[in-house]
Amino acid sequence: MFSRSLAFDSPWWLALLALLPVLWALSYRGLSGLGTWRRFGALAFRSIVFTLVVFALADAQFRKTTDRVTVLYLLDQSLSIPEAQREAMRSLVNGLVREHRRDDKQDRAGVVVFGADSEVEIPPIDFNYEMSRIESLVDRRATNLAGAMERAMSLFPYDSAKRVVLVTDGNENAGDALRQARAMADAGVSVDVLPTPLIARSETAVDKIALPSDVRLDQPFEARIVIDHQADAGSSAKGQLRIVRKTGDVEQVISEGPVTLKPGKNVFSVRETIDRADFYTYEARFVPDNAAGDASAQNNVATAFTHVRGKGQVLFIEDWEHPGEFDRVVDGLQREGLEVTLRQSNQLFANLAELQRYDSVVLANTPRTSGFGDDLPGEGGVTVVTDALSGFSDEQVEMLVRNTEELGCGLVMLGGDRSFGAGGWDDSPLEKAMPVDFEIKAAKVTPVGALAMIMHASEIAQGNYWQKRIAIEAVDTLGPRDYAGLLTWQPAGDQWLWGQSQGGMIPVGPSRQNMKARVDRLSVGDMPEFDPGMKVAAAAFAKLSTANPAPAIKHMIIISDGDPSPPTGATIASLKKQKVRVTTVAVGAHGPAGHSTMEQIAKQTGGKYYVVRNAAALPKIYQREARRVSRPLVRELAPAESPVKTLEHEIVRGVSENFPPTSGFVMTTLKDSSLVEVILRSPVPTDAESSTILAAWTYGLGKSVAFTTDAGARWSDAWTEWEDYDRFFSQMVRWSMRPTGDTGNFTISTDVVDGKARVVVDALDKNDEFLDLPAIGGAAVRPDLGSSPLDFRQVAPGRYVAEVEADDPGSYMIVVSPGAGQGVLRTGVNVGYSDEFRDRTTNVALLDSIAGLEAKGGAEGEDIATATGFELTGLDAANEIALSDAYDPYRRDLPPAVASQPIWPLMVLLASCVFVADVFIRRVQVNLAWVGPLLSATKRRLFGGEEREPQAETMARLRSRKAEVRETSTAAGSTRFEASDETPPSADASPLDELRTPTGATPKKPTTPPKQSLASDAKPTEEGYTSRLLKAKRDAMKDRDTKDK
Amino acid sequence: MTDPASDAVHGRHLRGPVSGPIGRRAWLVGVGAAFAAGCLRDAPPVSEGASLARLDKVWGVHGIAGERMHKPRAMAIGPDDRLYLVDFTARILVYDTDGEFLQSWQTPDSKSGRPTGLTFDPVANELLVADTHYYRVLAYTPDGVLKEDRTVGGVNGKAPGEFGFVTDAVRDSAGCLYVSEYGDNDRVQKFSPQGEFLTQWGSHGTDELQFKRPQNLLVDPQDRVWVCDACNHRLKAFSPDGELLFSWGVEGSGPGELYYPYDMVMDPAGDLYVVEYGNHRVQKFTQAGESLGVWGEQGSGPGQLWSPWALVLDSLGRLHVLDTQNHRVQRVIV
């Protein structure tokens, strides 16, 4: 499969090899003193070093050539491809891979699915993998062939020939496939195509509803509905056209009747008059009589918005558990000329668009969640089923805030014992929008609470997650001086999660973060019985009664599935004696038996019993229960006190100075912002920070007002008789409302380009001078009712442009606020149905052009349908194509893939090593003469006997060698160690001894027998090489001296 | 000691992917986890405990499909040494004593909770399932066919024939059925072989004649009914008519003490092996309550237990301990 070769990226450097003979010539003489073998050895090494360096300079590459093929199948999953064909594509790929992929060549196959985007379904793999279904999810609302091909390019491995098989109808509506295909052909990638046939059907779509831009009250106008009917000439479609006008909850059919559509655009008009100022949505829907004749039903509806400005609209939200509390205020507002829509907190708005008809939203003593029932002192065992809990979802709270911040709507909170922090609004986004914070920052003398939590909810789905979440909610809700403890069943029994040595319940303040960190590592076992844990908790409460400060409120929450064995009467009695209320929270409880145990516990101790059907309600329960322990936020005043006006403000303008007394309010903390205006405050407490009665500020593009006492239901009875009651509240609401001033002349236009809605605002003042709008902003409410902010940029004097993604077909509502004090501009933009439905034929021409491109160094691609004679109409056709011999995606008509690996670093490394060898061979003479004596000595040692002959022979050879060396050293003119003839070989001879014996000299008898010398050899070998060299040098000097003498 | 545990684990994985509706990725993850578990089990046992028993084999892979188990909480053994387990997915899993998976089936309903008791009745050749949170006892053939006409209970209540949380059901030599339950009304009810209510004894509490979570029942060869009074940390024996014969057990973690005894078996010599949920061990007792040794300690290594719920004794006299929180079974030779 592979062939390997060496190649050079910069081959001209190889010319340097011509210098090799010069190297030889220069070196040959210089190395003459080394003897034949060493000289040639050194020359060879030098030549190798030179060659390797030249190879490195020439950028040597190791090349591997392979005839492996990788085929990537690109499958079009866009809406224009019917389901049956998408299924056939999967079958086709399985078949092609199974039939044609060559295992011996390690061919690879991969699958990319695409629509508007592309996903890799299977990366290139070299084994057969049958897709059972396509798992990747792509945006099917468009076809981006180029994007898919680009994705494929990034997937191809380097070591194989590359082919793409494109299965699509060719109707691209994003990107430029032909351009991408050309780039791929240049990169040597071949593209085969399989055009999928489109089944020609007629198609009807409601294109748009056109409304005039300046709809005015009581002036008739025409709404035009454009319906596009794509069908063969002469054919017509019949159906019902229904036009509906929606405002708020009211839906009114303004026209309904049969229509007949001709091929092409059909326009219908409806005459319409708006007699009430409001925000209107028109919807036109076409229902064909023959549904089968319409290829797609999704595009049979279109919507449009219009807005007619009139009196101020107010959305007044009251607590559904306490309806009618604010009727007096509502009446007053209406008397003052405001249009008020009263809603209860369990029938709230569903989306931001719904809020656009209102200029201000009032939350009147409304808690974030209602349904907990009233807390009656001394009563226990109140059962709360979580199904009954309802209120504001996180999304709705978010909408309220954005409606004020981004869209300029007013937001007013009227007080009461269920509002602000007392209503569970603390830490919510709403708190951020208000001029006051809902927690009391200044900790004065307030009662301290203690909360023990027993956790046994591991058996419910995601039990550990919920336990962690609620524990953290509770810890967060408690005040710094409150005590908290958490008991769980652990392998060693019931244990506190923190503060075990301090009794388990410790003040939250210094340990809050530590507690949360412990909760994060929480793991709860299956508790066999309640009793031991509750006993431990009772003991901890008892211990706390002697603590400083002792808790005034003692509370326990048990969350469980209810199957631990019930507690004993003694344990319950102990808790009751200490006035510990036990609230039980039954999660996924095992039927009545578990319920009764937990209900009993709550009943006996005066706690609440929650039946949790939906775990999402748990955090609310824990927040609320923990709030019972943390310091109360309601401040009751006895006697009642009249609020003090601290600021002259629009809200209190013209209102008498003598405000009636109020007997209570919800404590808050003023926000530390210069924008906050405190208009009224209570004389008690004297602390100005937490005695706010009325405060207001501007938040983003809108305004918000906090009124912390109620409007007469409980604390402000005297107010209802006050002559300025209506005026006061209406001025409060009016101040907060969306600005209506028409100080400028704005033109707003919209269009949709490339999946984006473009909003253009032209701003002129009354004198037709360009307006500078530094604070222009806005939002687009999408058809899915989510909203996206509009970021305007100034493109010319007085002209501002913003763009927002508008991928989804439908109507987008555009709200633009030119800036503070300016009226909000509202318009709509309609995004038509997907382009996927526009094309009714396969774009064979494009696909053939792509297939006709010749891959660099290889052949053109193929049109699979033409090659095999089958079109991809279904599963059978897919099998036929796969089995056909006429088409092989793994055919070898592409240039073999070449993989290069630069190896110059290796060359340099080798050259360095060989260079060392060159130095070594020139500088070091290796002598192996010691091998012979060593062998014979070993032999003697093994076999015994005095074998002198070999010794004599060895010595003779040594001497002859010595003479030879002397001659050599003389010839080279170099200084060598020389030994005197008389120097006896000693037992501690140096390694150079052999060099000192002149040739032909008679060897002296060794002074010690060889056997002994071997034995004593052990000692000298222990000496270092250096010391032996020194010794040799000394001997040589001595010899020279002797010789000189 | 050789390490049969590792062989067992690896041997099981060589059999290939789990069949059934498990995705490719899940399988890969499972293999990875099992490999890790295998590696873990290659480590030498951390502790062999006291000399009561020695570890023979550890098996079981954590999971919720196929042969894998998730928090198995009850175990029974058939006459042919087939082990029946019920886990937290309410599947009854059948293995041989070497941990080879044989089959599994699901109980009819598990939304309210999963069964926590299993007993094999060799006389009727059926598996009795304490379907705790449905207040009933189900009977299955050894192959997992539900005998609907043999279901006992199903109604929550305190009247005869009604149940709270059913923990176990056993039959004596005469075929009478004893069912233990807890909740508000901890008791043992006795039914005739035909299913008629005969008698009952016990209530919720700590007195001698009361129970707190009677977790397990055992009928010995003399037809005495033994009860694990789990939350009172003691064992009791009754005559077939409910007369208390003896009761012993002290709460604690020392030898001879008990902390949440959840299951017991009797060996042919008449000694009892008790598994303690809270002490994470197995303890052997004489019938008089004298401790003969303990095995196991809390942990995840071989020879260690984590909240064990059940144990059985096979025909070769080996103990199989259901190591619930470790999602496995440990076989020990005593």
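Residues numbered from 1 in each chain as written. Chains lettered and ligands numbered in written order. Predicted model: local features only at pLDDT ≥ 70, side-chain atom pairs only at ≥ 80, totals over all residues.

1. Focus: the overall build of chain B
Of regular secondary structure, chain B possesses two helices and 24 strands. Looking at the 334 residues of chain B, the share that counts as buried comes to 49%. Contacts in chain B between residues far apart in sequence, at least 24 positions, make up 46% of those at least 6 positions apart. (Helix = DSSP H or I, 4+ residues; strand = E, 2+ residues; numbered from the N terminus. Buried ≥ 20, exposed ≤ 12 C-beta atoms within 10 Å, placed from the backbone. Contact = placed C-beta atoms within 7 Å.)

2. Notes on the overall build of chain A
Helix and strand counts for chain A stand at 25 helices and 45 strands. Counting all 1045 residues of chain A, 44% fall into the buried class. Within chain A, residue pairs in contact and separated by at least 24 positions form 76% of the contacts whose partners lie at least 6 positions apart.

3. Quick notes on the interface of chain A and chain B
Taken together, the 14 residues of chain A in the interface contact 21 residues of chain B. Looking at the side of chain A that touches chain B, the element that brings in the most residues is helix α14 (residues 591-605) of chain A, giving five residues. Across the side of chain A that touches chain B, the residue classes tally to five nonpolar, seven polar and two charged. (Nonpolar A, V, L, I, M, F, W, Y, C, P; charged D, E, K, R; others polar.)

4. Brief notes about the nonpolar core
Membership of the largest hydrophobic core comes to 116 residues, with the highest contact counts inside it found for Val361(A) and Val362(A). Each residue touching Val362(A), except ones within four places of it in the same chain, is listed here: Val314(A), Leu315(A), Phe316(A), Ile317(A), Val412(A), Leu414(A) and Val733(A). Ala53(B), Val58(B), Met75(B) and Val152(B) belong to the second largest nonpolar core, which has 80 residues in total. (Core = buried A, V, L, I, M, F, W, Y, C linked by C-beta atoms within 7 Å.)

5. Focus on the environment of Val137(B)
Residue and element names in this part refer to chain B. Along the chain, the position of Val 137 falls in strand β8 (residues 136-140). Placed 16 residues apart in sequence, Val 137 and Gly 153 show a C-alpha to C-alpha distance of 6.4 Å. Apart from residues no more than four positions distant in its own chain, Val 137 is found in contact with Leu 128, Val 129, Ala 130, Asp 131, Thr 151, Val 152, Gly 153, Val 166, Ala 169 and Val 179.

6. What about the pairing of strand β15 (residues 313-318) of chain A?
Within a regular strand, the side chains alternate between the two sheet faces. All names here are of chain A. Burial within β15 is extensive, with six of its six residues counted as buried. Going residue by residue along β15, you find Gln 313, Leu 315 and Ile 317 tucked away on one face and Val 314, Phe 316 and Glu 318 tucked away on the opposite face as well. Handedness of the crossover joining β15 and strand β16 (residues 339-344) through helix α6 (residues 327-335): right-handed. Here β15 runs beside strand β17 (residues 360-364); their pairing, made up of five bridges, is parallel. (Right-handed = clockwise from strand over helix to strand, strands pointing away. Pairing = 2+ DSSP bridges.)

7. Here we look at the confidence of the model for chain A
All names here are of chain A. Taken residue by residue, chain A gives an average pLDDT of 81. The fraction at 70 or more is 87%. Mean pLDDT per element in chain A: helix α24 (residues 1010-1021) is the minimum at 42, and strand β21 (residues 410-414) is the maximum at 94. Predicted confidence for residues 971-1022 stays below pLDDT 50, and this span has 81 contacts to residues more than four positions away or in other chains. (pLDDT = per-residue confidence, 0-100.)

8. Notes on the environment of Ala142(A)
Residue and element names in this part refer to chain A. Mapping Ala 142 onto the fold places it in the loop between β5 (118-125) and α4 (145-155). Under the C-beta neighbour-count criterion, Ala 142 is labelled buried, with 24 such atoms within 10 Å. For the pair Ala 142 and Ser 80, spaced 62 residues apart in the sequence, the C-alpha separation amounts to 8.5 Å.

9. Quick word on helix α17 (residues 844-851) of chain A
Residue and element names in this part refer to chain A. Buried residues of α17: Leu 846, Leu 847, Ile 850 and Ala 851, and no others. An end-on view of α17 places all buried positions within 135 degrees of arc, on one side of the element. On the buried face of α17, the contacting elements are β6 (161-168), α5 (177-186) and β7 (189-195). (Arc of directions from axis to C-beta.)

10. Some points on the sheet that holds β8(B)
Residue and element names in this part refer to chain B. Spatially, the four strands line up as an open sheet ordered β6-β7-β8-β9, and their pairing is antiparallel. In the strand order of this sheet, the two ends are held by β6 (117-121) and β9 (152-153), each with one partner. Across five bridges, the pairing between strand β7 (residues 126-131) and β8 is antiparallel. Looking at the pairing, Val 129 lines up with Leu 138 of β8.

11. Some words on the UniProt feature "transmembrane region" (unreviewed entry) in chain A
All names here are of chain A. Per the UniProt annotation, the sites labelled "transmembrane region" (unreviewed entry) are residues 12-28 and 40-58. End C-alpha to end C-alpha, residues 12-28 measures 27 Å, and it is 53% helix and 0% strand. Annotated as residues 40-58, this span is 95% helix and 0% strand, and its ends, taken at the C-alpha atoms, are 27 Å apart. (UniProt positions renumbered as here; feature names shortened; annotations may be inferred.)

12. Quick notes on the pairing of strand β18 (residues 261-266) of chain B
Residue and element names in this part refer to chain B. With five of six residues buried, β18 lies mostly within the body of the structure. As paired strands, β18 and strand β19 (residues 272-276) are joined by five bridges and run antiparallel to one another. Within β19, the position partnered with Pro 261 by the bridge is Glu 276. Connecting the antiparallel pair β18 and β19 is a turn made up of five residues, with Gly 270 showing a positive phi of about 95 degrees.

13. Quick notes on the environment of Lys468(A)
Residue and element names in this part refer to chain A. One can find Lys 468 in helix α10 (residues 463-477). Since 19 C-beta atoms lie within 10 Å of it, Lys 468 is described here as partly exposed. Separated by 13 residues in sequence, Lys 468 and Met 455 have C-alpha atoms that sit 9.6 Å apart. Ignoring any residue separated from it by four or fewer positions in sequence, one finds Lys 468 in contact with Val 519, Asp 520 and Leu 522.

14. Focus: the sheet that holds β7(A)
Sheets are built from strands that pair by backbone hydrogen bonding, the pairs being arranged parallel or antiparallel. Residues and elements named next belong to chain A. The strand order across the open sheet formed by five strands is β5-β4-β3-β6-β7, and the pairing between neighbours is mixed. With one partner strand each, in any of the chains shown, β5 and β7 form the two edges of the open sheet. Taking the axes of each pair of neighbouring strands and ignoring which way they run, one obtains an average angle of 15 degrees across the sheet. The pairing of strand β3 (residues 69-76) with β6 spans seven bridges and is classified as parallel. The residue of β6 that forms the bridge with Leu 74 is Leu 166. (Axes fitted to C-alpha atoms, helices over the stretch in contact; angles between N-to-C directions.)

15. Thoughts on helix α15 (residues 618-629) of chain A
All names here are of chain A. The terminal C-alpha atoms of α15 lie 17 Å apart, and with twelve residues this matches the ideal 16 Å at 1.5 Å per residue to within 8%. Among the twelve residues that make up α15, ten are buried, leaving the element largely enclosed by the rest of the structure. Residues of α15 that are buried include every one of Leu 618, Lys 620, Ile 621, Tyr 622, Gln 623, Arg 624, Glu 625, Ala 626, Arg 627 and Val 629, and no others. Lining the buried residues of α15 we find β18 (369-370), β23 (449-456), α10, β27 (553-560), β28 (580-587) and β29 (608-612). (Expected span 1.5 Å × (residues − 1).)

16. With respect to unusual backbone geometry
Of the consecutive residues Asn548(A) and Pro549(A), the connecting peptide bond is found in the cis state with omega at -5 degrees. Mapping Pro549(A) onto the fold places it in the loop between α12 (531-544) and β27. In this chain, Val684(A) is followed by Pro685(A) through a cis amide linkage whose omega measures -5 degrees. Phi at Phe420(A) takes a positive value of approximately 50 degrees, unusual for a residue other than glycine. By secondary structure assignment, the location of Phe420(A) is in the loop between β21 and α9 (429-433). Residue Arg213(B) is not a glycine yet carries a positive backbone phi of 60 degrees. Checked against the element boundaries, Arg213(B) lands in the loop between β13 (197-201) and β14 (214-219).

17. Let's talk about the packing of α5(A) against α17(A)
What describes two packed helices is the angle between their axes and the distance between those same axes. Residues and elements named next belong to chain A. Where α5 meets α17, the axes come as close as 9 Å, and the angle between the chain directions of the two elements is 10 degrees. Classed by the angle they form, the pair α5 and α17 counts as roughly parallel. For the crossing formed where α5 meets α17, the hand is right-handed. Residues Ala 177, Leu 178 and Ala 181 of α5 form the contact with α17, whose own contacting residues are Leu 846, Ser 849 and Ile 850. Broken down by class, the residue content of the contact of α5 with α17 amounts to five nonpolar, one polar and no charged. (Parallel < 35°, antiparallel > 145°, perpendicular 65-115°, else oblique. Left-handed = near helix turned anticlockwise from the far one by under 90°.)

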